[in-house]
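Examining the three-dimensional arrangement
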Amino acid sequence: MTGDRIALAVHDHGGDGPPLLLLHGAGRTLADWAAVAPLLTPRHRVLAVDLRGHGLSPSGTWSLPRVIEDIEGVLEEYGLPGALPVGHSLGGMIAVRYALDHPEVTPGAANLDGYGWGRPDQYVGLDPAYVDERLVQVRKSATAGLPGGPLPVDGLQTLLAQQRALSGQLGVPYELLETALLRSVRHTPDGRLELRPRREHALEMLAAIDSLDLFALFARMDRPLLLGRALRPTPPVPGKEWFDDLMRAYGMGLARDLTALAAQRPHVRVVGIDGTHAMLLESPGAVAAAVLAFAAEALTDPASVPFRYALPEPEE
């Protein structure tokens with residue numbers, strides 16, 4: 001590969017049919033797709049990648065143009081330039097950007113719950129100035145929680161214990177969470193363990209996410225676009241009721257704005273998926289069903305697809 005490209009780690013799930021490229025979320029890895037990919041391979045050739053700085057892929061300066069180049073390199077190497085990008089969270093945002101940058105060969109894009117923090121006016125019933133203040137807190141917390149060097153001696157065991165607790169909370173098999181975590185841990189040159197992505201690259205990644213005007217990107221898409229939205233709220237955060245209220249208001253605003261977008265853009269398909277943001281792990285069947293239904297239409301005759309689906313209102 002040339003230029004700023006990085007040779008990404010790839011899991012080739014095999015399969016026959018039109019190719020799909022699976023992209024994971026921020027701080028996650030291709031292991032998140034482990035339960036979904038086998039449900040796609042009977043009808044598709046399926047590749048999943050670790051984005052730069054994640055999982056088993058090399059690190060490097062994190063920017064959207066560089067990430068797009070990495071993906072180009074993978075699809076060139078596998079001879080699948082026309083693959084449909086399917087992404088979750090950050091991966092969904094990247095899928096849309098990739099499709100916009102490759103209109104000649106990319107048939108569309110699928111974004112599963114990749115909406116960032118949105119605009120203050122999308123938080124239904126809340127004063128935008130209040131939302132701005134709270135989002136500053138949210139971003140500070142996210143930054144403070146980023147990896148800051150090698151893990152302490154008992155750091156890995158602590159992280160595994162957290163995954164076991166999360167397994168019970170979400171009803172997700174612990175093995176899936178354990179595999180995903182271990183793929184994000186690597187040895188430093190001095191033999192210690194660190195969690196990926198590294199802090200400096202994670203900060204670059206968060207800045208890239210904040211720079212995106214996602215609804216403007218969605219409106220620019222002239223090919224089939226799947227926009228999936230989690231129907232279950234994020235589990236409550238003890239002691240931070242304000243955050244739960246914030247997410248509830250944002251869910252209502254997203255439901256409103258996505259439904260309006262689908263009404264205006266006939267090639268946009270909006271679907272609700274029975275799960276929280278962790279839908280790949282919680283509800284692989286529902287995710288696969290949404291992707292398969294979308295791909296069956298989008299890859300057959302994109303010009304004739306009337307993608308107009310209402311998104312159910314989020315639960316109160």
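Structure's up top.
An account of the accompanying structure is given in this report. Keep in mind it's a predicted model, so treat the numbers as computed, not measured.

1. Brief notes about the packing of helix H5 (residues 155-170) against helix H6 (residues 174-183)
Relative orientation of the contacting elements H5 and H6 amounts to 145°, with a least axis distance of 9 Å. Two packed elements cross with a definite hand, and for H5 against H6 that hand is right-handed. Between H5 and H6, the residues in contact are Leu-156, Leu-159, Leu-160, Gln-163, Arg-164, Leu-166 and Ser-167 and Tyr-174, Leu-177, Glu-178, Leu-181 and Leu-182, respectively. Counted by class, the contact of H5 with H6 contains eight nonpolar, two polar and two charged residues.

2. Section: the pairing of strand E3 (residues 45-49)
For E3, a buried count of four out of five residues is recorded, marking the element as mostly surrounded by other parts of the structure. Where strand E1 (residues 10-14) meets E3, four bridges bridge the pair, whose relative direction is antiparallel. Paired with His-11 across the bridge in E3 is Ala-48. With five bridges joining them, strand E2 (residues 19-23) and E3 adopt parallel strand pairing. Looking at the pairing, Leu-21 lines up with Leu-47 of E3.

3. A word on the packing of helix H2 (residues 64-77) against helix H3 (residues 90-101)
Contact geometry for H2 and H3: axes closest at 10 Å, N-to-C directions at 75°. The pairing of H2 with H3 is recorded here as roughly perpendicular in orientation. Residue-level contacts link Leu-64, Val-67, Ile-68, Ile-71, Glu-72 and Leu-75 of H2 to Ile-94, Arg-97, Tyr-98 and Asp-101 of H3. Of the residues belonging to the contact of H2 with H3, the class tally is seven nonpolar, no polar and three charged.

4. So, the side chain of His-24
Take His-24: it is sitting in the loop between E2 and helix H1 (37-40). What His-24 contacts, discounting residues up to four positions off in sequence, is Thr-29, Leu-30, Trp-33, Val-49, Asp-50, Leu-51, His-54, His-88, Leu-90 and Gly-91.

5. Side note on H6
For H6, the full list of buried residues reads Tyr-174, Leu-176, Leu-177, Ala-180 and Leu-181. For H6, the angular spread of buried residues about the axis comes to 160°, placing them on one side. Buried residues belonging to H6 abut H5, strand E6 (185-187), strand E7 (193-195) and helix H10 (279-282).

6. Some points on the pattern of salt bridges
Tallying each qualifying case throughout the model produces 18 salt bridges. Here Arg-45 ties to Asp-12 by a salt bridge, and the two come within 2.6 Å at their closest N and O atoms. Residue Arg-45 is located in strand E3, and its partner Asp-12 is located in strand E1; the two are separated by 33 residues in the primary sequence. Measuring nitrogen to oxygen at the nearest pair gives 3.3 Å for the salt bridge that ties Glu-297 to Arg-269. One end of the pair, Glu-297, is in helix H11 (residues 284-298); the other, Arg-269, is in strand E9 (residues 268-273), with 28 residues separating them in the sequence.

7. Quick look at H5
With 16 residues, H5 ought to run about 22 Å at 1.5 Å a step, and its terminal C-alpha atoms sit 22 Å apart, in line with that. Looking at the packing, one finds that the buried side of H5 touches H6, E6, E7 and H10. Gly-171 sits one or two positions beyond H5 and adopts a positive phi of about 70°.

8. Description of the sheet that holds strand E8 (residues 225-230)
Across the sheet, seven strands lie side by side as E1-E3-E2-E4-E5-E8-E9; this open sheet has mixed pairing. Where the open sheet ends on each side, the last strands, each with one partner, are E1 and E9. Going across the sheet, the axis of each strand differs from the next one's by a mean of 15°, ignoring polarity. Sheet topology places strand E5 (residues 109-112) next to E8; four bridges connect them, and they run parallel. Residue Asn-111 lies in a different strand from E8, and its bridge partner there is Leu-227. Along the sheet, H11 contacts E2, strand E4 (84-88), E5, E8 and E9; its crossing angle with E9, the most-contacted strand, is approximately 165°.

What counts, and at which threshold
- Residues numbered from 1 in each chain as written.
- Predicted model: local features only at pLDDT ≥ 70, side-chain atom pairs only at ≥ 80, totals over all residues.
- Heavy atoms only, no water.
- Axes fitted to C-alpha atoms, helices over the stretch in contact; angles between N-to-C directions.
- Helix = DSSP H or I, 4+ residues; strand = E, 2+ residues; numbered from the N terminus.
- Left-handed = near helix turned anticlockwise from the far one by under 90°.
- Contact = heavy atoms within 4.5 Å.
- Nonpolar A, V, L, I, M, F, W, Y, C, P; charged D, E, K, R; others polar.
- Buried < 20%, exposed > 50% of the residue type's maximum accessible area, 1.4 Å probe, protein only.
- Pairing = 2+ DSSP bridges.
- Parallel < 35°, antiparallel > 145°, perpendicular 65-115°, else oblique.
- Arc of directions from axis to C-beta.
- Salt bridge = Lys/Arg side-chain N within 4 Å of Asp/Glu carboxyl O.
- Expected span 1.5 Å × (residues − 1).

It is worth stressing that arrangement in space is one thing and function is another; only the former is reported here.
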